[in-house]
Amino acid sequence: MTPKNPDIKKRCINLSELPEDGLLEATAHAKYPGQHCSFRAVAGTVPLIKNSYALLLGPAICLYNAKLSMNMRSLTSDPRPNNLLFVNYSQDDIIFGFREKVREAILQADQEYHPEVLFLITSCLQEIVGEDFDACIDEIRPHVKAKLLIIHTENFTHEGAAPGVENMFKSLFELMKPQPLVDKTVNILGLWTSTARKTELARLLVGKGIVIKNVIPSYCTPSELQAAPGVQLNIVLDQYGLPLARMMKERFGTQYIYARKPFLPDSLEKWYLEIAGALDVDLSVEIADLKKKTEDQITRARPVLGGKTCSVSGISGRPFDLARLLVRLGVEPKVMLLQTVLPEDRPDMQALLSDGIDPIVFRGDNSLQNEELLAELSPDISVGAFERAALAGMGIKPVILSTSNYLLGFESTIEVLRLLLEKPAGLDALMYKEKILVAGEC
Amino acid sequence: MDLKHSGFPVPSDYFGVLWALSGIKDLLILEHGSTGTCNYNAFNYMIMNRQSPKGKLFTSGMDEDDVVMGRDEKIKEAIFELDRKYHPKVIALVATGVTSVIGLDLQGIIEEVQSTTEARLLSYPGGGFAGDYNLGIKEVFRSLVNNIAEETIAEETISENTAKESDIGVKNAGKKTVAEGIAKKSAEANACTVNIIGPTIDSFNVVSDLAELERMLDLIGVRVNTVFTCNTSVNKIKNLASASLNLVTRDIGLEAAEILKERFGTPYYYGLPFGVHGSVQWLNDVAGMLGLVLERRVLKAEVERYGFSILELVNFLQNFDHLRAMISCPYDYSLGLAGMMREEWGIDPSLVVLPTRPKRPDNMAKLGMLNPGRLLIEPDSSTLDEAISSIDPQIIFGNSYDLKMAGNVPIKIHAAFPAFDHVYRYDGTPFVGFRGHAYLTQTIINLLNQNPEVFRN
C-alpha cells in the first residue's frame, strides 16, 4: 500500500529502492524529536564503568538534561550508578576561556571522590569555541591520581550518537596494556546491562570452559580493562564497539569477531557457530536444542499471529533479520522506520527481498510524520520503540522489545515471541480510553 | 565548586522559554540547534507530570555546515514548513547554546521572512546563557504581553466567554471595575473575569492548584479568562485586557502584570491562598477588588467542609508542636507553606530554602515575619546537606533532589519542581485554597501516624 498524503508519499521508498549509501531522506525540515545526541548517550553509559566518575562539561541545557536522564534511569529495573559530576560552561567561559574552571573541577573531583578513572565529557560548545581542551587536560594529568579519559561528543557534526559512543569505547583503549594471551577467554563488546553475564551466550560459553573477562562497557573496572587485550577473542555485538576492537587488534593483536545480534533461528544458528568456531568450541548440540525449542515456539505462534501486519522500529540488533522473523511468523512488515541503514545490513535486506518482502523504508526520527504514515498504513502491530498512547489511538498494538534487548541468543527471540503474543499490562485499558477519545473527536 | 553530585544543575533560561511557551495553543516552538537538544527535551518534559512537547516543539536540526558557515537555510525551511502545514498563529524561534555562540541573528531572520509567513514570528535569543529558567519565563511573559496582548478583543472570544459565564453565588455590590473604560468591549463582556498570571507547565501541582483557584473564584461568581501561560491560547493572550483583574500567583508574573496595568489599566493582586486564614483573606481581597462580596453562607459551607483543624485529627497524646520542618520551594510556595504551618499547625519552620532570591525587597520581609529558624538562598549541595544534618527535621517539603538528600527524614512531601519521581495529574490534591488546607492537613496527619516515633519528643 502506498500512502496518499503527498508529503509522506514522497519520502517513502521501498526496500528494493534503497540507495547504495543507505541514506534515508529526512521526513521534515522541522523535526521532532530527532535523533538523540552523543552527549546523552555517553553520559548514560560511563556510569557503567566501575570506580569511575565523569565530569560533564557543557552548557546548563545539556547538564540539566543529563542529570534528569540519570534520575529517571534510577527509577527503572536497570539503574546506573550515580557517578556524574557537572561543570557549567557559561557565557563568561566562552569569552574568557574554560581552562581554569575545568582544572579546578578536575582537582576537586580527584580529591573528593578518588576515582580510578575520571571521564571528561565535552559537548558541542567546546568544539565550536575551539579552545584546545585536550592540551589543557594534558597539563593537569601529572597533578591528579585519576586516569583522565577525554570523550568528545559534539552533535552538530553528526546527527546521531554514533561518533560519541565510539569515542567512549575508544577512550577505554587508553587504559589497556599489552598482556600475554590467555586461551579460552573472551571480552564481549557492546552489551549494556548489569545482566550481561547471565545471557544465553554467556551461559553457553562458560559451559564450554570459556572465561568472560569483560563485558564492555558493562560494569568492568579500570584494572580489568587494562588486562582486556589478553583475551583470545573480542566478540563485538554492535557497531559502536567495532572501532575499539579494531584498535585492540592493531595494537595488541587481539582477534575479534563482529557478530551483531540476530533474531531468526537460522541466523542465530549461524551466529553461534561462527562464535564457537572462532573459539574452537563445539556448541552444536546446545544450538540444535535451542533452535528446535525456538522453532516449536514459532510454530505455535504462527496461527495466532499469521495474517497480521506490522511496522518495525527502534531495534537493538539486526532490524532486517527481525523483519525476516516476523515474516516467518506470518506477520507482514509494511514499513521499517529506521534512523540509519548500515552496510552490514545488506545481506539481511537481500534475504528479505528474496523472500518476496519489500516493505516501505522510512526515516523514523520524526514522530508526527511516523504517525501520519502509520495512520495511513494502519498495521495491526508496531514492533519496537514507539509511543504507546499514540499507537493505541490508531488502534495499533504496541510491542516494545526492551526486555528482549537485555537477552542474547535464542532466548531473545523467544522473548520477542512472548511479547508479540501477550498484551502488556494496562494495554486494554489504554486502548479502550483512546478509542473513546478518538470517537469523541468525530 | 559545586559539582552537583547530589543536587542538580539549575535549568537555564532556555528551558524557561520553552516551558512558558508550551502551554499556548496555536503557537509552535522552533528551536535552532542540533537535534540532540530537542530529543533531550522530549525526555525532560516527561518529568513534569509526564507531559510531552510532541506537536509543540520542533528543531531545525542544525549541522556542521550551518555552524561553520553560519547558514540559516534550515531554520527558514523549517519556518515555512510549520507555517504551511500546521497554520499556527505564532511561531516562536528559540536559540540554543550553539545558536548563541555562533551569533546567528534570529531577529534578522524574522525581518527577512515575516512578510512571507502567515504566522507571527517571535524570537528568544538567550540560548541558555542569560541565567536560570525564571529569566526565560519572564522573558516570554514580557514578550507576549508587549507583542501579542491587544486592547481590542476578537469577537470570537467574546462569544466564547459569554457562553461560559457563571451564575453561581454572585453578589455584585454594584462597584465599577477598574478596567472599565480602558478596554470597553471587554469590560462589557467580562465584568467578572480574571486572568491568572504565573503558572507555566513546569509549575508544581499546577493541575490541582488551578482547579482549586477556579473553584474558589466561582464561589464569588468570578470566571477565569485565561491562565497565562500554562493553559492559554494566542487569542486568549490577545484578549488579556478583557479581564477585570489579574491574579499573580508567583513573583515571576509580576512584571507582566505591571505591564498589563500600564498598557490597559488592569489592576492586579499578588499572592496565593494557603490555609484557612490565607484562603479567606485571598478570597475577600479578590472579591473586594472586583466589587464583589464573599457571602457568609458560602464561607461557612467551605469552612465546614474543608476547614478542619489539625487538633481535630490528633488525640491528646499525639504531640506535634516540637516538630522540626524544612520547606524547600520557590518563594511563593515557601511563603504560603511556612505561613500555613505556623498559623494552622502551630509549627515554626526550622529551615526555609529558596532556589532563587526573590526580586522584590518586601518579599524577604514577608518571609522574615514568619520567623523561619534558618533561611538559605541558592545554597550549594554541601551547605544544604549540612543544614539538613544539623537541623535533623522530621518533615520536609521539597523537590525530588531535596527529598533524596534528606534520606533519613521520615516525612517527605513533594512540593516543588523538579519532581521527577512524582506525578500530580489528578486535580484533587491541591496545596492552595480551602481544599489545599484540607488535603495538606489530612496528609500530614496520615504521615505522622505512619511514623509515630515523631510524636515522641
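Residues numbered from 1 in each chain as written. Chains lettered and ligands numbered in written order. Predicted model: local features only at pLDDT ≥ 70, side-chain atom pairs only at ≥ 80, totals over all residues.

**Some details on the overall build of chain B**
Thinking step 1. The helix and strand inventory of chain B stands at 19 helices and 15 strands.
Thinking step 2. A compact globule built from 457 residues should have a C-alpha radius of gyration of about 23 Å, and chain B, at 23 Å, falls within 12% of that.
Thinking step 3. Across its three principal axes, chain B shows a C-alpha extent of roughly 75 × 60 × 35 Å.
Thinking step 4. Summarising the internal contacts of chain B: among those between residues at least 6 apart in sequence, 75% fall at separations of at least 24. (Helix = DSSP H or I, 4+ residues; strand = E, 2+ residues; numbered from the N terminus. Rg over C-alpha atoms; globule rule 2.2 N^0.38 Å. Contact = placed C-beta atoms within 7 Å.)

**Overview of the domain arrangement of chain A**
Residues and elements named next belong to chain A.
Thinking step 1. Segmentation of chain A into domains returns domain 1 (6–30 + 299–441), domain 2 (38–158) and domain 3 (175–258).
Thinking step 2. Distance from the C-alpha centre of domain 1 to the C-alpha centre of domain 3: 32 Å.
Thinking step 3. Taken together, the contact pairs 7 residues of domain 1 with 7 residues of domain 3.
Thinking step 4. For the side of domain 1 that touches domain 3, the residue count by class is 5 nonpolar, 1 polar and 1 charged. (Domains from an automatic or database assignment. Nonpolar A, V, L, I, M, F, W, Y, C, P; charged D, E, K, R; others polar.)

**Some remarks on the nonpolar core**
Thinking step 1. With 265 residues, the main nonpolar core has Leu55, Leu56, Leu118, Phe119 and Ile121 of chain A together with Leu30 and Leu337 of chain B as its most contacted residues.
Thinking step 2. Looking at which element gives the most residues to this core, the answer is helix H3 (residues 60–73) of chain A, with 8 residues.
Thinking step 3. The contact partners of Leu55 of chain A, leaving out residues within four places of it in the chain, are Leu85, Val87, Ala105, Ile106, Ala109, Leu118, Phe119, Leu120 and Ile121 of chain A. (Core = buried A, V, L, I, M, F, W, Y, C linked by C-beta atoms within 7 Å. Buried ≥ 20, exposed ≤ 12 C-beta atoms within 10 Å, placed from the backbone.)

**A few points about unusual backbone geometry**
Thinking step 1. Cis geometry is found at the peptide bond from Tyr32 of chain A to Pro33 of chain A, where omega equals -10°.
Thinking step 2. Within the secondary structure, Pro33 of chain A is located in the loop between strand E1 (13–14) and helix H2 (38–45).
Thinking step 3. A cis geometry characterises the amide bond from Ile216 of chain A onward to Pro217 of chain A, with omega recorded as 15°.
Thinking step 4. With respect to the helices and strands, the residue Pro217 of chain A is situated in strand E7 (residues 211–217).
Thinking step 5. Despite not being glycine, Arg50 of chain B shows a phi value in the positive range, around 55°.
Thinking step 6. Arg50 of chain B sits in the exposed class, given 10 other C-beta atoms within 10 Å.
Thinking step 7. Backbone geometry places Asn205 of chain B, a non-glycine residue, at a positive phi of 60°.
Thinking step 8. Relative to the assigned elements, Asn205 of chain B resides in the loop between strand E6 (193–197) and helix H10 (206–219).
Thinking step 9. Owing to 25 C-beta atoms within 10 Å, Asn205 of chain B belongs among the buried residues under this scheme.

**Points about the packing of helix H15 (residues 331–344) of chain B against helix H16 (residues 361–369) of chain B**
Residues and elements named next belong to chain B.
Thinking step 1. The interhelical angle for the contact between H15 and H16, taken along N-to-C directions, is 25°, at an axis separation of 9 Å. As the angle between them shows, H15 and H16 are arranged roughly parallel. Considering only the axes of H15 and H16, their crossing is left-handed. Of the residues in H16, those touching H15 at Tyr331, Ser334, Leu335 and Ala338 are Asn363, Lys366 and Leu367. (Axes fitted to C-alpha atoms, helices over the stretch in contact; angles between N-to-C directions. Parallel < 35°, antiparallel > 145°, perpendicular 65-115°, else oblique. Left-handed = near helix turned anticlockwise from the far one by under 90°.)

**Considerations on the interface of chain A and chain B**
Thinking step 1. Across the boundary between the two partners, chain A contributes 44 residues, which contact 47 residues of chain B.
Thinking step 2. Those elements that place two or more of their residues in the side of chain A that touches chain B are H2, H3, strand E3 (84–88), helix H4 (91–96), helix H5 (99–113), helix H6 (124–129) and helix H16 (367–377) of chain A.
Thinking step 3. Classifying every residue of the side of chain A that touches chain B gives 25 nonpolar, 14 polar and 5 charged.

**Here's the deal with the environment of Thr76 of chain A**
Thinking step 1. Looking at where Thr76 of chain A falls in the secondary structure, it is placed in the loop between H3 and E3.
Thinking step 2. Sequence spacing of Thr76 of chain A and Ala109 of chain A is 33 residues, and the spatial spacing of their C-alpha atoms is 27 Å.

**Some details on the packing of helix H7 (residues 133–147) of chain B against helix H12 (residues 254–264) of chain B**
Residue and element names in this part refer to chain B.
Thinking step 1. With their axes 9 Å apart at the nearest point, H7 and H12 run at an angle of 15° to one another. Judged by the inter-axis angle, H7 sits roughly parallel to H12. Crossing of H7 against H12: the hand is right-handed. Of the residues in H12, those touching H7 at Lys138, Phe141, Arg142, Val145 and Asn146 are Glu255, Ala256, Ile259 and Leu260.
Thinking step 2. Here the contact of H7 with H12 is composed, by residue class, of 5 nonpolar, 1 polar and 3 charged.

**Considering the domain arrangement of chain B**
Residues and elements named next belong to chain B.
Thinking step 1. Along its sequence, chain B is carved into domain 1 (13–147), domain 2 (155–304) and domain 3 (307–455).
Thinking step 2. Counting from both sides, the interface comprises 21 residues of domain 1 and, opposite them, 17 residues of domain 2.
Thinking step 3. Looking at the side of domain 1 that touches domain 2, the elements with two or more residues in it are helix H1 (13–22), strand E1 (24–25) and H7.
Thinking step 4. No other element matches H7, which puts 9 residues into the side of domain 1 that touches domain 2.

**Some words on the pairing of strand E10 (residues 309–313) of chain A**
Every other side chain in a regular strand lies on the same face of the sheet, so the side chains alternate between the two faces.
Residues and elements named next belong to chain A.
Thinking step 1. With 4 of 5 residues buried, E10 is to be regarded as a mostly interior element.
Thinking step 2. Bridging between E10 and strand E11 (residues 332–338) involves 5 bridges; their strand directions are parallel. In the sheet register, Ser313 faces E11, and the bridge partner there is Leu337.
Thinking step 3. After leaving E10, the chain enters helix H14 (residues 319–328) and then returns to the sheet as E11, a path that is right-handed.
Thinking step 4. The sheet contact formed by E10 and strand E13 (residues 381–384) spans 4 bridges and is parallel. Bridging across to E13, Ser313 finds its partner in Gly384. (Pairing = 2+ DSSP bridges. Right-handed = clockwise from strand over helix to strand, strands pointing away.)

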